[in-house]
Amino acid sequence: EIGATIIREAAVSTANETGDSTTTSTILAEEMITRVSRSSFTNVREVMRGIRDAENEITAELDKRSIPLSDDDITRVASLSANGDEKVGEIIGSIYRELGRKCIITLGESANYNTSFKPTKGMQFENGSLMSQVMTSNAKEECVLDAPYVFITDQKIKTLNPLINVLNAIARDHGSLLLIAEDFDDTVLQNLTLNHLKGVFKCCAVKAPSYGDYRKQLIKDIAVLTNGTAITYESGLQLKDVTISMLGSCKSAIISKNTTTIINDESEALLNHVAELSEKLTVLKADVEKVGSFEEKFLEERVARLVGGCAEILVGGATEQERKELHDRIEDAVCATKAAVEEGVLRGGGLTFYDIFSKKTIEGEDDYALGMAIVYSSIAIPQWYLINNAGKDPEEVRKELTAEKGFDGRTGEIVDMLEKGIIDPTKSMKMALKNACSVVITYLNTDTLIIPEF
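Quick caveat, the model's predicted, so the values are computed rather than measured.

Trainee: Would you mind going over the overall build of the chain in detail, with residue names and values included?
Mentor: Each helix and strand counted, the chain has 17 helices and 16 strands in total. A compact globule built from 454 residues would reach a C-alpha radius of gyration of about 22 Å, and the chain, at 25 Å, matches this within 12%. Across the 454 residues of the chain, 49% fall into the buried class. Here the contacts in the chain between residues at least 6 apart in sequence split such that 77% fall between residues at least 24 apart. For the chain, the accessible surface area stands at approximately 22,600 Å², while carbon and sulfur atoms represent 48% of it. Distance between charge centres in the chain, computed from 50 positive and 71 negative side chains, equals 2 Å.

Trainee: Residue-level account of the sheet that holds strand 6 (residues 176-181), with values.
Mentor: Strand order across the open sheet formed by 4 strands is 8-6-4-9, with mixed pairing between neighbours. Here the strands that pair on one side only, and so sit at the sheet edges, are strand 8 (202-207) and strand 9 (248-249). Sheet strands touched by helix 7 (residues 186-197): strand 6 and strand 8. Its angle to strand 8, the strand with the most contacts, is close to 150 degrees.

Trainee: So what's going on with the packing of helix 2 (residues 22-37) against helix 13 (residues 367-378)? Which residues, and what values?
Mentor: At a minimum axis distance of 9 Å, the contact between helix 2 and helix 13 shows a crossing angle of 140 degrees. Put simply, helix 2 runs oblique to helix 13. Helix 2 and helix 13 meet at a crossing whose hand is right-handed. In this structure, helix 2 contributes Leu28, Glu31, Met32, Arg35 and Val36 to the contact, and helix 13 contributes Ile374, Val375, Ser377 and Ser378.

Trainee: Before we move on, can you summarise the packing of aromatic side chains with the specific residues and values?
Mentor: Under the criterion given, the structure shown has 3 aromatic pairs. For the pair Tyr354 and Phe357, a centre-to-centre distance of 6.1 Å together with 45 degrees between the ring planes defines the contact as tilted. Of this pair, Tyr354 and Phe357 both sit in helix 12 (residues 351-358), separated by 3 residues, roughly a single helical turn. Residue Phe357 is classed as partly exposed on the basis of its relative accessible area of 29%.

Trainee: A description of the pattern of salt bridges should follow, citing residues and the corresponding values.
Mentor: Applying the stated criterion to the full structure yields 28 salt bridges. Taking the shortest distance from any N to any O, the salt bridge between Lys360 and Glu57 comes out at 3.2 Å. Pair noted here: Lys360 is in the loop between helix 12 and helix 13 and Glu57 is in helix 3 (residues 44-65), with a separation of 303 residues, a long-range link.

Trainee: Lay out the nonpolar core in plain terms, naming residues and giving numbers.
Mentor: Counting 55 residues, the largest nonpolar core has Phe151, Ile157, Leu163, Leu178, Leu179, Ile180 and Leu192 as its most contacted members. The residues touching Leu178, leaving out its near neighbours within four places in the chain, are Leu145, Pro148, Tyr149, Val150, Phe151, Cys204, Val206, Ala253, Ile255, Thr260 and Ile262. Membership of the second largest hydrophobic core comes to 27 residues, among which are Ala29, Ala54, Ile356 and Val375.

Trainee: I'd like a rundown of helix 17 (residues 426-445), residues and numbers included.
Mentor: With 20 residues, helix 17 ought to run about 28 Å at 1.5 Å a step, and its terminal C-alpha atoms sit 29 Å apart, in line with that. The element helix 17 is largely enclosed, with a buried count of 15 among its 20 residues.

Trainee: How would you sum up the side chain of Glu312? Please name residues and give values.
Mentor: Counting through the fold element by element, Glu312 comes out in strand 12 (residues 310-315). Taking relative accessible area as the criterion, Glu312 reaches 19% and is therefore assigned buried.

Trainee: Got a sec to walk through the sheet that holds strand 12? Specific residues and values, please.
Mentor: The strand order across the open sheet built from 6 strands is 1-12-2-11-10-3, with neighbouring strands paired in mixed fashion. Two strands in the sheet have a free side with no partner beyond their single neighbour: strand 1 (104-109) and strand 3 (142-146). When strand polarity is set aside, the average angle formed by the axes of neighbouring strands in this sheet is 30 degrees. The pairing of strand 10 (residues 252-256) with strand 11 (residues 260-264) spans 4 bridges and is classified as antiparallel.

Trainee: Tell me about helix 7, and please be specific about residues and values.
Mentor: In this model, helix 7 (12 residues) spans 16 Å end to end at C-alpha, consistent with the 16 Å of a helix rising 1.5 Å per residue. Turning to helix 7, its buried residues are Val188, Leu189, Leu192, Thr193 and His196. Down the axis of helix 7, the buried set is contained in an arc of 130 degrees. They therefore lie on one face. What points out from helix 7, more than 90 degrees from its buried face, is the exposed set Asp186 and Gln190. Here the buried face of helix 7 lies against strand 5 (156-157), strand 6, strand 7 (183-184) and strand 8. Positive phi appears at Gly199, one or two residues downstream of helix 7, with a value of about 80 degrees.

Trainee: Pulling in residues and values, what's your account of the environment of Ala82?
Mentor: One can find Ala82 in the loop between helix 4 (71-81) and helix 5 (86-99). Residues Ala82 and Leu167, spaced 85 residues apart in sequence, show a C-alpha to C-alpha distance of 41 Å. Excluding residues that lie within four positions of it along the chain, Ala82 makes contacts with Val88, Arg329 and Ala333.

Trainee: Can you tell me about the confidence of the model for the chain, naming the residues and giving the values?
Mentor: Atom-level detail of predicted coordinates should not be read off regions where pLDDT is low. In this model, the chain carries a mean pLDDT of 86, and residues with pLDDT of at least 70 account for 91%. Looking over the chain, one finds the lowest element-wise mean pLDDT in helix 1 (residues 2-18), namely 61, and the highest in strand 4 (residues 149-152), namely 96. Contacts from residues 448-452, a stretch scored under 50 in pLDDT, to residues over four places away or in other chains number 2 contacts.

Basis of the calculations
Residue numbers run consecutively from 1 along every chain, following the written order of its sequence. Only residues with pLDDT of 70 or above have their local features reported here, since the model is predicted, and side-chain atom pairs are shown and tallied only from 80 upward, although totals for entire chains, interfaces and linings are computed over all residues. The side-chain quantities take in all heavy atoms of the structure and omit both hydrogens and water. Runs of E in the DSSP output that reach at least two residues are strands. Runs of H or I that reach at least four are helices, and both are numbered from the N terminus. Only the C-alpha atoms count toward the radius of gyration. The rule for a globule is 2.2 Å times the residue count to the power 0.38. For every residue, the accessible area obtained with a 1.4 Å probe (protein chains only) is divided by the maximum for its type, and the residue is called buried under 20%, exposed over 50%, and partly exposed between those limits. What makes two residues a contact is simply this: any of their non-hydrogen atoms within 4.5 Å. Using a 1.4 Å probe, the Shrake-Rupley method yields the accessible areas, and only the shown protein chains count as cover for residues. Counted as positive: Lys and Arg. Counted as negative: Asp and Glu, with His and the chain ends omitted from the count. A charged residue contributes its charge at one atom only: NZ of Lys, CZ of Arg, CG of Asp or CD of Glu. DSSP calls a pair of strands paired once it identifies at least 2 bridges connecting them. In this analysis an axis means a line fitted to C-alpha atoms, helices contributing only their contacting stretch, and an angle means the value between N-to-C directions, from 0 to 180 degrees. Angular relationships are summarised with four words: roughly parallel below 35 degrees, roughly antiparallel beyond 145, roughly perpendicular across 65 to 115, and oblique for the angles in between. Crossing handedness is defined as follows: a turn of the near helix away from the far one that is anticlockwise and smaller than a right angle gives a left-handed crossing, while the clockwise case is right-handed. For Phe, Tyr and Trp, rings pair up if their centres lie within 6.5 Å, where Trp contributes its six-membered ring, and each pair is then called stacked (planes under 30 degrees apart), edge-to-face (over 60) or tilted (otherwise). The working definition used for a salt bridge is a side-chain nitrogen of Lys or Arg within 4 Å of a carboxyl oxygen of Asp or Glu. By convention a nonpolar core is built from buried Ala, Val, Leu, Ile, Met, Phe, Trp, Tyr and Cys residues, the set being connected through side-chain atoms within 4.5 Å. To estimate how far a helix should extend, the number of its residues minus one is multiplied by 1.5 Å. By definition, the arc is the one covered by directions from the helix axis to the C-beta atoms. The quantity known as pLDDT measures the predictor's confidence residue by residue, on a range of 0 to 100.

See the structure below:
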């Protein structure tokens, strides 16, 4: 039971990061633990060093072999990650074609049986929830707030006393609240969590993005997007001055462990703000000394965040169960496609891992070499299972493989993996390897497992 739990952790972590390669992660973790259990060694630290070095080598090789995605590849990755659902693949592919590769995709419910998408506006930044107990979706570890108020400040919130009137007003409205601040005292986070769990009002707290002057500028962007007032030191406002009319609002906020996504409708203020930023960017690009500077890149990023496309996929279904199953598949496909867009793709079907293994020679017989061998031998196993499950002899099939041509489990043929669209997101494969190695390191580090009584 304990072994299954830690292997499951590897798969869940991979799914949360990329939405794909959970089976690969599970197979790698199980194989590595099996090989460690059957091996004899004297220095566990050297074995772990070998495992970590092998992981780093393979990760670097995956990056080297990664191939940028074409538009057709985006549709293929999405279809495969949605369990072969070509309609889902086409919807996600259409979103990326229309809105660009930096688009943000969220999910909602359709008013009918059909699944479709509609463009929206929004932005995303890289700070996540500080309140782990308010996650509304435990499986995906994210908090979703519908039509929340948005409180924005570059100050630290040390106590909730200055905000008590605002919080009471939100509670009376049965509303929800997203708080964005420079930082929060632990007592503030505890009180907010308690109010959330007791049903007084839903809330989530996140740190404001970036640092220094750049933070001030991003806070201004968030305030414009949400039609709110930023409580900043420069404005002269203090927390005790805040009224509910000063809070921003948005259609929805999705807060994970690492990111915050704010979705809202387009407004005249937002269009004017973007036009102002674009004008500044044009002036900056005309300054020869500042071309390519961090200031220029940061301004480009700000404009991209605000004008970058957002889309909401409206999931339909004849029954609630059908809708839920489709929702989960689309969610995984969106995550996997995002991972593929970010870091490219690899030849799939286990071919890339197997090719890396087949070209590696490990010298020595010490504990360090054992750790390296455990990882390199294990990455050949996912493909072995795929071939075996298709009713073929893995050893015979592998005689026909090349770096480009692998085994198509659907047809049983040796094909060019890229031409057939049999690909894996590079990020997913890296995460599967990383999490599997993390599990086996945990296994090696654990001399005693504590099993709770039931």
